[in-house]
Amino acid sequence: MPKNTLREGGCLCGAIRYQIEGEPFDADYCHCRSCQKSTGSAFGAWMDFKITQVIWLKGRVTEFASSELIRRGFCDKCGTSLTYRHLQYPDYSTLSIASLDDANQVQPKYHIYTESQLNWLVIEDNCQRYPQGRSF
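If you check an unreviewed UniProt entry, the protein chain appears there as GFA family protein from Shewanella septentrionalis.

Caption draft 1: Here's a closer look at the pattern of salt bridges. Going through the model one piece at a time under the given rule, you end up with seven salt bridges. A salt bridge links R134 to D26, with the shortest nitrogen-to-oxygen separation between them at 3.2 Å. Note that R134 is positioned in the segment after β11 (128-129) and D26 in strand β3 (residues 26-30), a separation of 108 residues in sequence. The residue E63 makes a salt bridge to R85 at a minimum N-O spacing of 2.5 Å. You can see E63 sitting in strand β6 (residues 62-65) and its partner R85 sitting in strand β8 (residues 81-86), a full 22 residues away along the chain.

Caption draft 2: Region of the structure containing the sheet that holds strand β5 (residues 54-58). Read from one edge of the open sheet, three strands run β1-β2-β5, paired in antiparallel fashion. Only two strands of the sheet have a single partner each, and these edge strands are β1 (6-10) and β5. With strand direction ignored, the average angle separating the axes of adjacent strands in the sheet is 25°. As paired strands, β1 and strand β2 (residues 17-21) are joined by five bridges and run antiparallel to one another. By the bridge assignment for β2, G9 is matched with Y18.

Quick notes on the rules
- Residues numbered from 1 in each chain as written.
- Predicted model: local features only at pLDDT ≥ 70, side-chain atom pairs only at ≥ 80, totals over all residues.
- Heavy atoms only, no water.
- Salt bridge = Lys/Arg side-chain N within 4 Å of Asp/Glu carboxyl O.
- Helix = DSSP H or I, 4+ residues; strand = E, 2+ residues; numbered from the N terminus.
- Pairing = 2+ DSSP bridges.
- Axes fitted to C-alpha atoms, helices over the stretch in contact; angles between N-to-C directions.

Next comes the structure, spelled out in structure tokens:
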């Protein structure tokens, strides 16, 4: 897609809406226990942008400190998991792929924390897998 692509998304109830411009610089499936618990799902699917690419159109996320350096954002009305924020990377914004109006527009490139992947979940794709986080 072209660099000027605009995408929109938001929470289940519509209280929070956002717009993103351009392509994510990364996208992953995260199988860590924190993502499983915070999303209520077998894994989280996340996309990463520079903070300047994200415009909040309506509402604000409420953040929960899931660890010393991690903040997880959600809608305080419907509970939708929307954001993941690492305090050591203030210029990045991580959003839930599933919160996009058309979640098919962004596909994760790899799996992280597969050591916590649920045994009953079988994913047959060609994405690279990392038992823990991915090193750069």
